[in-house]
Structures are given as C-alpha cells and as structure tokens.
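Listed here are the chains, written in short residue letters.
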Amino acid sequence: MATKTNKTTNDIKTEQSLIEIIQDINFRLTHLEDIETDNRKLIVKLVQQGNTMVEFLKQFNVEEIDPEDLMVERLPELPFFDEDRVAKTEGLKDLIDDIIERHNDLKEFEEELEKYKNEITPGQVGES
C-alpha cells in the first residue's frame, strides 16, 4: 500500500533554512577562492618586486673593513637615491601593508568558519 508523504510547513521551513545555509557556505567558499586568487596575484607582485630589490642590492660593492683602519674624520659617502627607487620602495611597503590586511581578514574568516565547521559536510559540493 503506497502512502503519500505530506510535508508540513515546519518541514518546508527546515528545508529552506538548510538550503540557505548551504547557499551561504557556497558563497563563502567562492569568496575564499576569490581571496586566494587575489593572494596569488599579490605573491607574484611581491616576487617581482623582490627580484627588483635583489637587482638593486647587487649594485652595492661590499668590502671587508678592518675596524682599526677606520678613521673617524671621514664618513663614507651615501649612495645617491633617486625618486624612482624611493617610489618603488614605497610601493613595496604599500603592497606589504595590503597583504597584512588581507591576512588579518582571512584569519577573521577562518575564525568564522571554525564556528560553523560542524555544519559543513566534507566532500559535498553545491546543493544536495
């Protein structure tokens, strides 16, 4: 004998709330993927600027100096810094500040995920 299953309004509300939770998790995971893509782009920029810094530092000649040979009367001349190098250094500082800010945002998001980790089903993608 076949029986019909009638859904109550409470069952429908529960299904809707589960769907909303799954959609929220999907949105957050998509957001994490976007953040990771942005982080990759920032890492590429950091590596490029790091390479620029290495090239800049290669220009300096370092010689071993005996402390007894130093004379207090004359200080070594400082290398000339042009505005382009200063701008690159400031750009690097801004990039590092941006990475630190994104890292802090990611930590906050991880803490938020930690709250809901019991409601997440591993291996489940999309709605089921």
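This section reports on the structure supplied with the text.

Remarks on helix H1 (residues 9–58)
Thinking step 1. With 50 residues, H1 extends 73 Å between its outermost C-alpha atoms, agreeing within 8% with the 74 Å of an ideal straight helix rising 1.5 Å per residue.
Thinking step 2. Taken as a whole, H1 has its buried residues at Arg28, Ile35, Asn39 and Leu42.
Thinking step 3. Considering only its buried residues, H1 is in contact with helix H2 (83–115).

Remarks on the packing of H1 against H2
Thinking step 1. Here H1 crosses H2 at 155°, and the two axes come no closer than 10 Å. Considering their axes alone, H1 and H2 lie roughly antiparallel with respect to each other. Note on packing geometry: the crossing formed by H1 with H2 is left-handed.
Thinking step 2. Here the residues of the contact of H1 with H2 are counted per class, giving 13 nonpolar, 4 polar and 8 charged.

Details of a negative patch on the surface
Thinking step 1. A surface patch of like charges, here negative, comprises Glu101, Asp105, Glu108, Glu110 and Glu111.
Thinking step 2. In this structure, Glu111 sits in helix H2.
Thinking step 3. Judged by relative accessible area, Glu111 falls into the exposed class, the value being 53%.

Looking at the pattern of salt bridges
Thinking step 1. As enumerated under the stated definition, the model contains 7 salt bridges in all.
Thinking step 2. In this structure, Asp84 and Lys88 form a salt bridge, with 3.9 Å as the shortest nitrogen-oxygen distance. Residue Asp84 and its partner Lys88 are located together in helix H2, separated by 4 residues, close to a single helical turn.
Thinking step 3. Here Lys88 falls in the partly exposed class, since its relative accessible area comes to 45%.
Thinking step 4. Across the salt bridge formed by Arg102 and Asp98, the nearest N and O atoms sit 3.4 Å from each other. Placement of both Arg102 and Asp98 in helix H2 is noted, with a separation of 4 residues, approximately one turn of the helix.

Definitions and limits used
Every chain is numbered on its own, with residues counted from 1 as its sequence reads. Thresholds applied to this predicted model are a pLDDT of at least 70 for local features of residues and 80 or more for the giving and counting of side-chain atom pairs; totals over whole chains, interfaces and linings are not thresholded and use all residues. Hydrogens and waters are ignored; side-chain quantities use all the structure's heavy atoms. Secondary structure follows DSSP: runs of H or I at least 4 residues long count as helices, runs of E at least 2 residues long count as strands, and numbering of each begins at the N terminus. Multiplying 1.5 Å by the helix residue count minus one yields the expected span of that helix. Type-normalised accessible area, obtained with a 1.4 Å probe on protein chains alone, sets the label of each residue: buried when under 20%, exposed when over 50%, and partly exposed for intermediate values. By definition in these notes, contact holds between two residues if any of their heavy atoms fall within 4.5 Å. Every axis corresponds to a line fitted to the C-alpha atoms, with the helix fit spanning only the stretch in contact, and the corresponding angles, defined between N-to-C directions, vary from 0 to 180 degrees. To sort the angles, those under 35 degrees are grouped as roughly parallel, those over 145 as roughly antiparallel, those from 65 to 115 as roughly perpendicular, and the leftovers as oblique. The hand of a helix crossing depends on one turn: near helix anticlockwise from the far one by less than a right angle means left-handed, and clockwise means right-handed. Here the nonpolar group is Ala, Val, Leu, Ile, Met, Phe, Trp, Tyr, Cys and Pro; Asp, Glu, Lys and Arg are the charged ones; every other residue, Gly included, is treated as polar. Like charges within 9 Å and nonpolar side chains (Val, Leu, Ile, Met, Phe, Trp, Tyr) within 5 Å are joined into patches, using only residues over 30% in relative accessible area that form no salt bridge. In these tables, accessible area is a Shrake-Rupley quantity obtained with a 1.4 Å probe, and a residue counts as shielded only by the protein chains included in the view. The salt bridge criterion pairs a side-chain nitrogen of Lys or Arg with a carboxyl oxygen of Asp or Glu, the two atoms within 4 Å. This count recognises Lys and Arg as positive and Asp and Glu as negative, with His and chain-terminal groups excluded. For charged residues, the charge sits on one atom: NZ in Lys, CZ in Arg, CG in Asp, CD in Glu.

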